[in-house]
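Remarks on the overall topology
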Amino acid sequence: MLPLLANLKVAIVLLLLIAFFSMSGTVIEQGQTLDFYRENYPEHPALFGFLTYKVILGIGLDRVYGSWWFLSLLILFGASLTACTFYRQFPILKAAKRWSFYTKPQSFSKLAIAVELAGRSLSELEQPLKQKGYQIFQENEKLYARKGLMGRVGPILVHASMLLILAGSIGGALTGFIAQEMVPSGETFSISNITEAGIWAKPQIPKDWSVKVNRFWIDYTPSGVIDQFYSDLSVLDKSGQEVDRQTIHVNKPLRYHGVTLYQANWDIAAVRFTLNQSPVLQLPMSKLQARSNGSQVWGTWIPTKPDLSAGVTLITPDLQGTFLIYGEDGQLLTTVRTNGSTEVNGVTLTIKEVVGSTGLQIKADPGIPIVYTGFGLLMLGVMMSYVSHSQVWALRVGNTLYVGGKTNRAKVAFESEIVQILENLPKQDLSIAT
């Protein structure tokens, strides 16, 4: 079983499967509702002739990264990397750390570069080799030198880093969660609307702190297009004391105790108004059907008589504070802005404030630090893997000194290095066999 897992072809197949299903998880929308998949992946006509919502939901393509079969692929790939590390890479490193001498001139014929020097001694090679960074081992008339042992450690570090990445990914899938919250300005919430969660995610969901939305607002461009969303958030402890406060926007989340809150969406929650000299009243606003140009509007009905027998419809397209007021016959009566007043049905309607809701996407993934550490080690291991492991042997037999060497990469540079070492020796006749 170990040789099979350590087989390079098996590892490549597993890696290709992981890459394929990772791409499918990017192309197919994840974590949507049943109605969404029915609408976008109908049975007739099926996408590519086979991909329907039943196939997607049946095999878990709607939640690829947390599915049991995807996690199984990751575990199998991790087992393959582990087997390859112990079955192949450690023996290669162990062999590279051993030093051995050539005892026969015939042994040099199999090397990439071999040189015969007449009237030379081993001591003449020591200093040039040391200057090039070689570690030298010598015994009587035999010499062995090597450098770049970290080039053999690099692949092991690459495997270890990939195992860390896999461990972090699996750990995040099992212990992380994703939540969505739509919270009006001024309200406090605890994380409860969980949309995705691993089987061991419950301890990660915070119970000892909550979040207050102090204010939500939108900046618009001069042309009326949304420029940026902002949420002023406070983190509150169990006693309601503020322990952190930040203003977040798109690409600038709030992070607290391993939980990250992203600015993801927005809505209009309510409108505050007065009728004549009444106290400030508040009514919720609902998102209405999109207009023909695709834009959204929000609306509510405001009664203008105590018995609710008459009223007006209030419509607004955004948070900029412009409202359209329609009568009971559906005709536009007037427009009014925030803090503005108008006469409708014999009463004075004053719009005090439109209350926005911030849409927050909340994530916790305990595996992220492990994944980042793995990627850091991966970059280090890749750089180390490019270091050439070079070996040089020398043997003196009679009046002849045999010198040869080999390397696992950058062979032209290695041969040039050996030639340079030999050329710097005192001039004598020599022949080079390669």
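Residues numbered from 1 in each chain as written. Predicted model: local features only at pLDDT ≥ 70, side-chain atom pairs only at ≥ 80, totals over all residues. Heavy atoms only, no water.

Take the layout of surface pockets next. Roughly 1500 Å³ of volume is contained in the largest pocket. If you trace the largest pocket, you find 49 residues lining it, with Y65, G172, A173, I178 and D365 closest to the centre. Secondary-structure elements contributing two or more residues to the lining of the largest pocket are α2 (8–27), α5 (68–97), α7 (150–175), β4 (177–184), β6 (194–197), β11 (259–275), β19 (347–364) and α8 (368–385). Among the elements that make up the lining of the largest pocket, the one with the highest residue count is α7 (eight residues). Its residues assigned to classes, the lining of the largest pocket shows 26 nonpolar, 18 polar and five charged. (1 Å grid on protein atoms, 1.4 Å probe; cavity = no way out; pocket = protein on both sides within 12 Å on 5 of 7 lines; lining within 4 Å. Points joined across faces, edges and corners; volume = space filled by probe spheres on them. Helix = DSSP H or I, 4+ residues; strand = E, 2+ residues; numbered from the N terminus. Nonpolar A, V, L, I, M, F, W, Y, C, P; charged D, E, K, R; others polar.)

Right, let's talk about the pattern of salt bridges for a bit. Taken as a whole, this structure holds nine salt bridges when the rule is applied. The salt bridge involving E141 is made with R396; its shortest N-O contact spans 3.9 Å. Of this pair, E141 sits in the loop between β2 (135–139) and β3 (142–147) while R396 sits in strand β20 (residues 390–397), and the two are 255 residues apart along the sequence. Members of the salt-bridge network, linked through shared partners, are D62, R63 and E196. (Salt bridge = Lys/Arg side-chain N within 4 Å of Asp/Glu carboxyl O.)

Another aspect to go through is the sheet that holds strand β16 (residues 322–326). Overall, antiparallel pairing links the five strands, which are arranged β13-β14-β15-β16-β17 in an open sheet. Since the sheet does not close on itself, it has two edges, and those belong to β13 (286–287) and β17 (332–337), each with one partner. Both β16 and β17 contribute to a ladder of five bridges, which runs antiparallel. For L324, the partnering residue across the bridge sits in β17 and is T335. (Pairing = 2+ DSSP bridges.)

Looking now at the environment of N140. For N140, the location among the structural elements is in the loop between β2 and β3. N140 sits 104 residues away from F36 along the chain, and the two C-alpha atoms are 80 Å apart.

Right, let's get into empty space enclosed by the protein. Counted by the stated rule, this structure contains one cavity of 30 Å³ or more. As for the largest cavity, its lining consists of L125, L129, V392, V403, I418, I421 and L422. For the lining of the largest cavity, the secondary structure elements donating two or more residues are α6 (123–131) and α9 (411–423). Among the elements that line the lining of the largest cavity, the one with the most residues is α9, at three residues. Residues of the lining of the largest cavity, tallied by class, amount to seven nonpolar, no polar and no charged.

In this model, the chain carries a mean pLDDT of 90, and residues with pLDDT of at least 70 account for 96%. Across residues 429–434, where pLDDT falls below 50, the model places eleven contacts with residues more than four positions away in sequence or in other chains. (pLDDT = per-residue confidence, 0-100. Contact = heavy atoms within 4.5 Å.)

A word on the pairing of β16. Going residue by residue along β16, you find F323 and I325 tucked away on one face and T322, L324 and Y326 left uncovered on the opposite face. The sheet contact formed by strand β15 (residues 311–316) and β16 spans three bridges and is antiparallel. For T313, the partnering residue across the bridge sits in β16 and is Y326. In sequence, β15 turns back onto β16 through a hairpin of five residues, with G321 there showing a positive phi of about 95 degrees. Between β16 and the antiparallel strand that follows it, β17, lie five residues; G330 among them carries a positive phi value of about 85 degrees. (Buried < 20%, exposed > 50% of the residue type's maximum accessible area, 1.4 Å probe, protein only.)

A few words on unusual backbone geometry. Along the chain, H44 connects to P45 via a cis peptide bond; the corresponding omega equals -5 degrees. Structurally, the position occupied by P45 is in the loop between α3 (34–40) and α4 (53–59). With a phi close to 75 degrees, N251 is a non-glycine residue in the positive phi region. Take N251: it is sitting in the loop between β9 (242–249) and β10 (254–256). On the accessibility criterion, N251 (77% relative accessible area) is exposed. Phi is positive for N339, close to 70 degrees, though the residue is something other than glycine.

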